[in-house]
Amino acid sequence: MEAKAVAKYMRISARKVRLVAENIKGKPVEEAMNILKFTPKKGAEMLNKVLYSAVSNAEQMPGVDVDALLVDNVIINEGPTWKRIQPRAMGRAYRIRKRTSHITVVVKEM
């Protein structure tokens, strides 16, 4: 059985979250949560919330053992980018890109 959770429009660039996501792919859920708990990055906190949600979704399915869950796949896609303008010297304007990402976590039974 598979269960998944999706978080959209998270205010962090996809590139930064992918660094953390590589650490938990293919690991048991309990070990993945411990890794995320002690990873000092903003993306780890966001991934932990989505992983917890995926485990909760799996818990709702009949006949699923939560202790035997495995992180099957973690997909980080780019979301829309917020464009902002920063005034600079001599009337110029620099563009600031505030990137967002969509995080998908899929868990399955071992």
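Residues numbered from 1 in each chain as written. Predicted model: local features only at pLDDT ≥ 70, side-chain atom pairs only at ≥ 80, totals over all residues. Heavy atoms only, no water.

A. Looking closely at the overall build of the chain. Along the backbone of the chain there are three helices and five strands. What you see for the chain is a C-alpha radius of gyration of 17 Å, clearly larger than the 13 Å of a compact globule of 110 residues, by over 25%. Among the 110 residues that make up the chain, the fraction classed as buried is 35%. Nonlocal contacts in the chain, meaning residues at least 24 apart in sequence, comprise 72% of its contacts between residues at least 6 apart. Only carbon and sulfur atoms are counted for the fraction: they give 49% of the accessible area of the chain, which is about 7,200 Å². (Helix = DSSP H or I, 4+ residues; strand = E, 2+ residues; numbered from the N terminus. Rg over C-alpha atoms; globule rule 2.2 N^0.38 Å. Buried < 20%, exposed > 50% of the residue type's maximum accessible area, 1.4 Å probe, protein only. Contact = heavy atoms within 4.5 Å. Areas by Shrake-Rupley, 256 points an atom, 1.4 Å probe, with all protein chains shown as cover.)

B. Spotlight on the pattern of salt bridges. Throughout the structure, instances matching the rule amount to two salt bridges. The partner of Lys-25 in a salt bridge is Glu-22, and the shortest N-O contact between them spans 3.5 Å. Accessibility expressed as a relative area gives 35% for Lys-25, which makes it partly exposed. Residue classification places Glu-22 among the exposed positions, given a relative accessible area of 52%. (Salt bridge = Lys/Arg side-chain N within 4 Å of Asp/Glu carboxyl O.)

C. Structural detail: the packing of helix 1 (residues 14-21) against helix 3 (residues 42-59). Direction vectors running N to C along helix 1 and helix 3 enclose 70°, while the axes themselves pass 9 Å from each other. By the angle between their axes, helix 1 is roughly perpendicular relative to helix 3. Taking contact as the criterion, the partners of Val-17, Val-20 and Ala-21 in helix 1 are, on helix 3, Gly-43, Ala-44 and Leu-47. Of the residues contributing to the contact of helix 1 with helix 3, the split by class is five nonpolar, one polar and no charged. (Axes fitted to C-alpha atoms, helices over the stretch in contact; angles between N-to-C directions. Parallel < 35°, antiparallel > 145°, perpendicular 65-115°, else oblique. Nonpolar A, V, L, I, M, F, W, Y, C, P; charged D, E, K, R; others polar.)

D. Just unusual backbone geometry, in detail. With phi around 60°, Tyr-9 is a residue other than glycine that occupies positive phi space. Within the fold, Tyr-9 resides in strand 1 (residues 2-10). The phi dihedral of Met-90 is positive, around 60°, even though this residue is not glycine. Tracing the chain through its elements places Met-90 in the loop between strand 3 (82-87) and strand 4 (93-98).

E. View of the nonpolar core. Formed by 28 residues in total, the largest nonpolar core has its most connected members in Leu-47, Val-74, Ile-76, Ile-103, Val-105 and Val-107. Of all the elements in the fold, those that place two or more residues in this core are strand 1, helix 1, helix 2 (29-37), helix 3, strand 2 (69-78) and strand 5 (101-109). (Core = buried A, V, L, I, M, F, W, Y, C linked by side-chain atoms within 4.5 Å.)

F. Representation of a positive patch on the surface in the model. Taken together, the side chains of Arg-11, Lys-16, Lys-41, Lys-42 and Arg-84 define a basic patch exposed on the protein surface. Mapping Arg-11 onto the fold places it in the loop between strand 1 and helix 1. (Patch = residues over 30% accessible without salt bridge, like charges linked within 9 Å, V, L, I, M, F, W, Y side chains within 5 Å. Lys, Arg positive; Asp, Glu negative; His and termini not counted. Charge placed at Lys NZ, Arg CZ, Asp CG, Glu CD.)

G. Structural view of the environment of Ser-101. Structurally, Ser-101 can be placed in strand 5. Separated by 65 residues in the primary sequence, Ser-101 and Leu-36 place their C-alpha atoms 18 Å from one another.

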